[in-house]
Amino acid sequence: MKKSKEGQDGHKVSSDQAFEKQSITACLLSAAFFGALGSSFLYGYNLSVVNAPALYIKAFYNKTWVERYGNPIPAQTATLLWSITVSIFAIGGLIGALSVSFVIKVVGRKGTLLLNNGFAVIAALLLSLGEISKSFEMLIIGRIIMGVNSGVALSALPMYLGEISPRHIRGFIGQFNSILICLGVFTGQVLGLPELLGQESRWNFLFSFLAVPALLQLCVLPFLPESPRYLLMEKRNEAAAKRAFQRFLGKKDVSQELEEVHAEARAQDNLHAVSVLQMLRTPAVRWQLITIIITMACYQLCGLNAIWYYTNGILREAGFADNILPYITLSTGAVETLAAIISGLVIERIGRKPLLIFGFSSMAVFFSLLTAFLYFQNSVAWLPYLSYVCILAVIAAFCSGPGGIPFVLTGELFEQPYRPAAFMIAGTVNWLSNFTVGLLFPFIQEKLQSFAFLVFVVVCILGSIYLCVVLPETKNKTFMDISRSFARINKTPCPPPGHEIELTLSITPDKNGKTQEVTKMESLF
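The structure reproduced in this document is the subject of the present report. Position numbers for residues count from 1 along each chain, tracking the sequence in the order it is written. The predicted origin of the model limits local features to residues at a pLDDT of at least 70 and limits the giving and counting of side-chain atom pairs to 80 or more, whereas totals for whole chains, interfaces and linings rest on all residues. Excluded from the side-chain calculation are hydrogens and water; included are all heavy atoms of the structure.

## Things to note about the overall build of the protein chain
Just so we agree on the cut-off: Where helices and strands are cited, they refer to DSSP runs of H or I of at least four residues and of E of at least two residues respectively, numbered from the N terminus. Residue contacts are counted whenever heavy atoms from the two residues lie within 4.5 Å of one another. Residue burial considers only the protein chains on display, and all accessible areas are found by Shrake-Rupley using a 1.4 Å probe.
Check the secondary structure of the protein chain and you find 24 helices and four strands. Expressed as a percentage of contacts within the protein chain between residues at least 6 apart in sequence, the contacts between residues at least 24 apart total 78%. With an accessible surface of roughly 22,500 Å², the protein chain has 66% of that area assigned to carbon and sulfur atoms.

## Topic: the pattern of salt bridges
Inclusion rule: Salt bridge, as applied in this entry: a Lys or Arg side-chain nitrogen positioned within 4 Å of an Asp or Glu carboxyl oxygen.
Counted by the stated rule, this structure contains twelve salt bridges. Sharing partners across several salt bridges, the network here consists of Arg109, Glu163, Glu234 and Arg419.

## Overview of the nonpolar core
Where we set the bar: Side-chain atoms within 4.5 Å link the members of a nonpolar core, which is a set of buried Ala, Val, Leu, Ile, Met, Phe, Trp, Tyr and Cys residues. Only protein chains enter the accessibility calculation, which uses a 1.4 Å probe; a residue is then buried when its area is under 20% of its type maximum, exposed when over 50%, and partly exposed in between.
One finds Met279, Phe367, Leu370 and Phe414 to be the most contacted residues of the largest nonpolar core, which totals 146 residues. In this view, Met279 contacts Val274, Val285, Leu289, Phe414, Tyr418, Ala421, Ala422 and Ile425; residues no more than four positions away in its chain are not counted.

## Digging into the side chain of Glu348
Mapped onto the fold, Glu348 is located in helix H18 (residues 330–350). Excluding residues within four positions of it along the chain, Glu348 makes contact with Arg167, His168, Ile169, Arg170, Gly171, Phe172 and Lys475.

## Points about helix H8 (residues 176–191)
In plain terms, the rule: Any helix carries an expected span of 1.5 Å times its number of residues minus one.
The end-to-end C-alpha separation of H8 is 22 Å, in line with the 22 Å expected for 16 residues at 1.5 Å each. Counting buried positions over the 16 residues of H8 gives 13, a clear majority of the element.

## Some remarks on the packing of aromatic side chains
For any pair of aromatic rings, the description consists of the separation of the ring centres together with the inter-plane angle of the planes. For the record, the criterion: Within 6.5 Å between ring centres, the rings of Phe, Tyr and Trp (the latter by its six-membered ring) count as paired, and their orientation is classed by plane angle as stacked under 30 degrees, edge-to-face over 60, tilted in between.
In this structure the tally under the stated criterion is 20 aromatic pairs. Each ring, one from Tyr299 and one from Phe407, has its centre 5.3 Å from the other, and the planes form 85 degrees; the classification is edge-to-face. Placement of the pair is Tyr299 in helix H15 (residues 286–301) and Phe407 in helix H21 (residues 405–412), with a sequence separation of 108 residues. Overall, Phe407 belongs to the buried group, its relative accessible area being 3%. Arranged with centres 5.4 Å apart and planes meeting at 50 degrees, the rings of Tyr375 and Phe451 form a pair that is tilted.

## Structural notes on helix H10 (residues 211–220)
Those residues of H10 lying buried are Ala211, Pro213, Ala214 and Gln217. Structurally, H10 contributes buried residues whose contacts are with helix H2 (26–37), helix H3 (40–48), helix H5 (75–129) and helix H9 (203–208).

## With respect to unusual backbone geometry
Phi angles above zero are rare outside glycine, and Lys134 is one such case at about 55 degrees. Structurally, the position occupied by Lys134 is in the loop between H5 and helix H6 (136–164). Given a relative accessible area of 48%, Lys134 falls into the partly exposed group. In the Ramachandran plot, Asn476 falls in the positive-phi region, its phi being about 60 degrees despite a non-glycine side chain.

## Observations concerning the packing of H8 against H18
Packed helices, taken two at a time, are described by their axes: the angle between them and the distance between them. Heads up, the condition is: Angles here are taken between N-to-C directions and fall from 0 to 180 degrees, while the axes themselves are lines fitted to C-alpha atoms, restricted in helices to the stretch in contact. Orientation is classified from the angle alone, with under 35 degrees giving roughly parallel, over 145 giving roughly antiparallel, 65 to 115 giving roughly perpendicular, and any other angle giving oblique. For a crossing to be left-handed, the near helix must be turned anticlockwise from the far one by less than a right angle; the clockwise case is right-handed. Polar here means any residue outside two lists: the nonpolar Ala, Val, Leu, Ile, Met, Phe, Trp, Tyr, Cys and Pro, and the charged Asp, Glu, Lys and Arg; Gly therefore counts as polar.
The geometry of H8 relative to H18 is characterised by a closest axis approach of 8 Å and an angle of 165 degrees between their N-to-C directions. Accordingly, the angle class assigned to the pair H8 and H18 is roughly antiparallel. Seen along the crossing, H8 lies across H18 with a hand that is left-handed. Along the contact surface, H8 presents Ser178, Ile179, Cys182, Leu183, Val185, Phe186, Gln189 and Val190, while H18 presents Leu330, Thr332, Gly333, Ala334, Glu336, Thr337, Ala340 and Ile341. Looking at the contact of H8 with H18, its residues break down into ten nonpolar, five polar and one charged.

## Some thoughts on a nonpolar patch on the surface
Note the following rule: Distance thresholds for patches are 9 Å for like charges and 5 Å for nonpolar side chains (Val, Leu, Ile, Met, Phe, Trp, Tyr), applied to residues having over 30% relative accessible area and no salt bridge.
On the surface, Tyr375, Phe376, Leu448, Phe451, Leu454 and Val455 cluster together into a nonpolar patch covering about 530 Å² of accessible area. Among the secondary structure elements, those contributing two or more residues to the nonpolar patch are helix H19 (352–376) and helix H23 (453–470). Turning to its location among the elements, Leu454 is positioned in helix H23.

## Quick word on the packing of helix H12 (residues 238–249) against helix H13 (residues 255–267)
Two numbers describe how H12 lies on H13: the axes approach to 10 Å, and their chain directions differ by 130 degrees. As far as their axial angle goes, H13 and H12 are oblique. The chirality of how H12 crosses H13 is right-handed. Contacts from Glu238, Ala241, Lys242, Phe245 and Leu249 in H12 reach Glu257, Leu258, Val261 and His262 in H13.

Pasting the structure below:
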């Protein structure tokens, strides 16, 4: 039953409508921006930062090898060391994803983000001082530590953003994760230009920059609230949760938000955070879990990573000189960032499901066109230009939905007790898929040549079909509403909201603001 109040014109306004008219507060925007700046921004930055100084880093490896052993580094050893330097980032990401659920239970969402900055600072020191110390091992260790930072960040940040946001802007706030990833990629491209830090004498400063966003987050985030859902449902501190809601929402009366969290706690029978094994055995979240695994796998296997492999080659075929390629490829980072921003602005109007399906479907179309253009580009002089347009279109399609919404969905499809385990599973799938693409794509490209992109066409089409059939729209729904949407396909009981009477746990505050558990029969309205 919805409460209502009199509007200025005398008409009644439902509490949901009043809820949706709330303005976005500076506290909420600050938490989203600075939370993402020290987390997903660093992940995006690390995706692009090694490209510009690659030749200088390889030269440093050879110089160090000669000083140690008196001989130039063998070609196979040089290739192996460089491959390890690049790919070990994904191994670190997997370690971070596997550990995040344990850390987040102990220190909370905000606490995990703050603790994670320590990895970024340590990695920045190792990576920037490796050349001075004449140790390429420091660069490899720094890369794996930075990977751990990214693995933790890509789980803890979406969880934090999803739990602090009102449901009518949960998608918009969640897209800060994607926007800052794209901005990080673009920043890495810009700073890597020869006029800035992409020189032999300055490349180590590219890695020193890693500490800047981390230190900025350390200066701001401690003064912003922890997730109110975490405070209420896991720490049992209603007073702190109330203060957090008041700051994030910019209003004194947050009884509706507190009641929504109480209702979720009662519906879960006060269940504590479950383990991954418990989650895998729970029928009530089976299809949510399958959906997240498929969506996150498609996020990595849809072919965007492979696009970077072809970009410079296509530009060379179009007649652009090597010395201007870095400036032209800035367009990819700019398009990526712009598409992510537009997606964040329209996600609450269009919804998650349409944007995901549109993104994957558009990628399938442009990958198909790209395959045709690559096949015939030697016979038609202007086809390489169309190939590059297709590359930009693929990037824009990816960032319009598939580039950020999988992280938003992981937070939305699961209620509080399942969320840490869900992010651990999603993160594991993400990083394993990332590593798989990096490992297998060179062999796929060698065998299939320009037809290699047809593999990604199949992935995008299958992902679109699955999402169209299975995924419900989550826009402007509570976490309990989303769980009810999956009840039918999970074949679990779904009593209608407002009519079930069950044995639940009522959580009431004591004199100190902590909560007490009282078992009673209660009707959920």
